[in-house]
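# Chains, contacts and geometry: an overview
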Amino acid sequence: MGRATVRLDPAFAVGPVRPRLFGSFVEHMGRCVYTGIYEPSHPDADELGFRTDVAHLVRELGVTVVRYPGGNFVSNYRWEDGVGAKADRPTQLDLAWRSVETNQVGTDDFVDWARSVGVEPMMAVNLGTRGPSEAVELLLYCNGDPGTQWPDRRAQNGHVEPHDVRVWCLGNEMDGPWQMGHKTAGEYARVAEETARAMRRVDRDLELVACGSSSRGMPTFGTWERVVLERCFDLVDHVSAHAYYEPLDGDVDSFLASAEDMNRFIQSVVATADHVAAVRGSDKRIMVSFDEWNVWRQQGFDGESSLAVREAPELIEDVYDVTDAVVVGSLLATLLQHADRVSMACQAQLVNVIAPIMTEPGGASWRQTIYHPFALTARYARGMVLRPAVVCDRVDTAAYGPVDQLVVTATLDDTGEGGADLTVFFANRSRTEPVELTLDVAAAVGAAPGDWTLVEHLALYDDDPTATNTRLEPDRVVPRPGGARTEGDTLTATLPPTSWHCIRLTEAVSR
Ligand code: AHR
């Protein structure tokens, strides 16, 4: 049994919780769009063809912003194919995933869907096989006022009001050799600069995201960010980071410690961006858009070239277990711990493709294990992110050396009408050792004894860490009461091995 003491002090705050940290990603890939969010023949489809059962789960998940339409897909996408009368839209071969793209969902449809489920659309432009001209035309189509060709086309297509998309990604993973139109850092920096400058001529208040590295392990990592930002520094607001985690060669201990990689990744990108700022004598702070992250067992994926050409194929439909959910919970905690510099984050993806939500064509939809830490964190992380002081045991890992057994983050919200709310999230990443946790509540909130009560302790845990949710057993793994106790000003709880927790306290007296 490990022991842990956690101290929280409102004086040690990272910054406000950024709602955009709870973003997701819809790519035209596999069954994310077709038979995922969109399936006109489904009994629960709405008048636009979108599945209302999926929309319900998306709302419940608490997603705030959704990146679209890719991903690798965007780098050979002709957005014009996806607007106008559906019967007139061409069917194309998507080269990213060797899939038949019917274009029955496109820009207008996605924005309609996003608004209907209450999420902000975040758009990516094709800087692989296309360039500044097509990016500007898409921007004008989306955001322009009527009176010129592209906004007028949008109005003819039934959308008189501009879509008002604020966040735009300048391409996707352009550092990756797998990308259509892959570029060197210098080549990408130049086209990103030209595109950003042109897009800002249309609307200088856009938020623009430059492509960073598609993982911390890329050979160009660090240099890529520096070269891109040296050229685009004044024109962009964010630089992207992407990371997918899996138990490499069965190394589950290192996998459970994946948050270490994300932490070092963010620190390195921030350092590189601030180095570019320093050299320029600038106080501007480029933010990190962690706009693809998740667990993805890529060792089981043979690569794009191996794929047979099909329409809406079952691609990378990973089935997640309890261990995966603990990793996802710890990654969310890490993003929150960097809320001062990570402006946005998108779990990739939303439905069916390495996703928290699964669907059966014509049938059911259900929540994977990883759905639960996301939904609870998105719902209860409110107010200020606190920087916890954690004293706990260490776990040895091959990839990262010894790491803290616990990942902890906390938020304190005193903006409501009643008393303040404190929520603490924990991941126990030991596979063998439970933790006896002690949290000094009075120190955490600076309140008088007895002023705080425990609202709820929810735990995601199973005696079998490989337990999953499936169509036949969709609620095998769900958050259950975790058994935390309070006595005086102290909260204690036993956190089992490979478990994730959300503990909520509230101020019992109105101030
Ligand atoms: O999310 C799946 C793929 O992973 C995306 O298309 C790409 O950007 C990344 O490599």
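Residues numbered from 1 in each chain as written. Predicted model: local features only at pLDDT ≥ 70, side-chain atom pairs only at ≥ 80, totals over all residues. Heavy atoms only, no water.

Going by the annotation in an unreviewed UniProt entry, the name recorded for the protein is non-reducing end alpha-L-arabinofuranosidase, with Terracoccus luteus given as the source organism. Its UniProt record, at the heading Catalytic activity (unreviewed entry), says of the protein: "Hydrolysis of terminal non-reducing alpha-L-arabinofuranoside residues in alpha-L-arabinosides." (UniProt positions renumbered as here; feature names shortened; annotations may be inferred.)

### Considering the site of the ligand
The local shell around the ligand consists of Phe 25, Glu 27, Met 29, Gly 71, Asn 72, Trp 97, Asn 172, Glu 173, Tyr 244, Glu 292, Trp 296 and Gln 349. At 2.9 Å, a backbone N or O of Asn 72 approaches an oxygen atom of the ligand. Take Glu 173: an N or O atom from its side chain is 2.6 Å from an oxygen atom of the ligand. In isolation the ligand exposes 280 Å². Once the protein is present, 95% of that is buried. For the ligand, the cavity whose grid points lie within 2 Å of the majority of its atoms is the largest pocket. For the shell around the ligand, the residue count by class is 5 nonpolar, 4 polar and 3 charged. (Near = heavy atom within 4 Å. Polar contact = N/O pair within 3.5 Å; in protein donor to acceptor, adjacent residues only side chain to side chain. Areas by Shrake-Rupley, 256 points an atom, 1.4 Å probe, with all protein chains shown as cover. 1 Å grid on protein atoms, 1.4 Å probe; cavity = no way out; pocket = protein on both sides within 12 Å on 5 of 7 lines; lining within 4 Å. Sits in = over half its atoms within 2 Å of the grid points. Nonpolar A, V, L, I, M, F, W, Y, C, P; charged D, E, K, R; others polar.)

### Comments concerning the sheet that holds strand 21 (residues 421-428)
Pairing within the open sheet is antiparallel, and its 7 strands lie in the order 2-16-20-21-27-23-24. If you trace the sheet from one side to the other, it starts and ends with strand 2 (13-16) and strand 24 (480-481), each paired once. Judged from the 3 bridges that link them, strand 2 and strand 16 (residues 384-386) form a sheet pairing that is antiparallel. Bridging across to strand 16, Ala 13 finds its partner in Leu 386. The strands touched by helix 9 (residues 322-337) are strand 2, strand 16, strand 20 (406-413), strand 21, strand 23 (452-460) and strand 27 (499-507); relative to strand 20, the strand with the most contacts, the crossing angle is about 50°. In this fold helix 10 (residues 371-380) packs onto strand 20, strand 21, strand 23 and strand 27, with an angle of close to 20° to the strand it touches most, strand 27. (Pairing = 2+ DSSP bridges. Helix = DSSP H or I, 4+ residues; strand = E, 2+ residues; numbered from the N terminus. Contact = heavy atoms within 4.5 Å. Axes fitted to C-alpha atoms, helices over the stretch in contact; angles between N-to-C directions.)

### Quick look at helix 8 (residues 258-280)
For helix 8, built from 23 residues, the straight-helix expectation of 33 Å at 1.5 Å per residue is met to within 8% by its first-to-last C-alpha distance of 34 Å. A positive phi of about 70° marks Gly 281, the residue just after helix 8. (Expected span 1.5 Å × (residues − 1).)

### Description of empty space enclosed by the protein
Counted under the stated rule, the structure contains 3 cavities of 30 Å³ or more. Surrounding the largest cavity, 15 residues form its lining, Trp 79, Ala 124, Val 125, Asn 126 and Leu 138 being those nearest its centre. Listing elements by their share of the lining of the largest cavity, those giving two or more residues are strand 7 (120-125) and helix 3 (132-143). Broken down by class, the residue content of the lining of the largest cavity amounts to 10 nonpolar, 3 polar and 2 charged. In terms of lining, the second largest cavity is formed by His 28, Met 29, Gly 30, Val 33, Tyr 34, Phe 73, Asp 94, Ser 99, Val 100, Glu 101, Ala 312 and Pro 313. Ranked by residue count, the leading element in the lining of the second largest cavity is strand 6 (residues 99-101), at 3 residues. Here the lining of the second largest cavity is built from residues that sort into 7 nonpolar, 3 polar and 2 charged. (Points joined across faces, edges and corners; volume = space filled by probe spheres on them.)

### Concerning the nonpolar core
The biggest cluster of nonpolar side chains holds 142 residues, and the ones touching the most others in it are Val 26, Trp 113, Trp 168, Tyr 188, Met 199, Phe 290 and Trp 293. Both domain 1 (2-11 + 384-507) and domain 2 (18-380) contribute no fewer than three residues apiece to this core. If we skip the residues at most four places from it in the chain, Trp 168 touches Met 123, Val 125, Leu 138, Leu 139, Cys 142, Asn 143, Met 199, Leu 206, Glu 207, Leu 208 and Val 209. The next biggest cluster of nonpolar side chains, apart from the first, holds 25 residues, and it includes Leu 386, Cys 392, Val 424 and Ala 484. (Core = buried A, V, L, I, M, F, W, Y, C linked by side-chain atoms within 4.5 Å. Buried < 20%, exposed > 50% of the residue type's maximum accessible area, 1.4 Å probe, protein only. Domains from an automatic or database assignment.)

### Details of unusual backbone geometry
Excluding glycine, residues mostly have negative phi values, and the peptide bonds linking residues are mostly trans. Pro 69 follows Tyr 68 through a cis peptide bond whose omega is 0°. Omega for the peptide link from Ala 348 to Gln 349 comes to -5°, which places this bond in the cis form. Locating Gln 349 in the fold gives a position in the loop between strand 13 (342-348) and strand 14 (357-359). Not every positive phi belongs to a glycine, and Asn 103 is a case in point at roughly 60°. Tracing the chain through its elements places Asn 103 in the loop between strand 6 and helix 2 (107-117). In this structure, Thr 498 is a non-glycine residue whose phi angle is positive, near 45°. Looking at the element boundaries, Thr 498 is found in the loop between strand 26 (490-495) and strand 27.

### Details of helix 5 (residues 185-202)
Taking 1.5 Å of rise per residue, the 18 residues of helix 5 would be expected to cover 26 Å, and the 26 Å separating its terminal C-alpha atoms lies within 8% of that figure. Listed in full, the buried residues belonging to helix 5 are Ala 185, Tyr 188, Ala 189, Val 191, Ala 192, Glu 193, Thr 195, Ala 196, Met 199 and Arg 200. At its buried positions, helix 5 is contacted by strand 7, helix 3, strand 8 (167-170), strand 9 (207-210) and helix 6 (223-232).

### Digging into the sheet that holds strand 3 (residues 23-25)
One closed barrel accounts for 8 strands, arranged 3-4-7-8-9-10-11-13; its pairing is parallel. Averaged over neighbouring strand pairs, the angle between their axes works out to 30° when direction is ignored. The sheet contact formed by strand 7 and strand 8 spans 4 bridges and is parallel. Counterpart to Met 122 in the pairing with strand 8 is Val 167. The strands touched by helix 5 are strand 7, strand 8 and strand 9; relative to strand 8, the strand with the most contacts, the crossing angle is about 155°.

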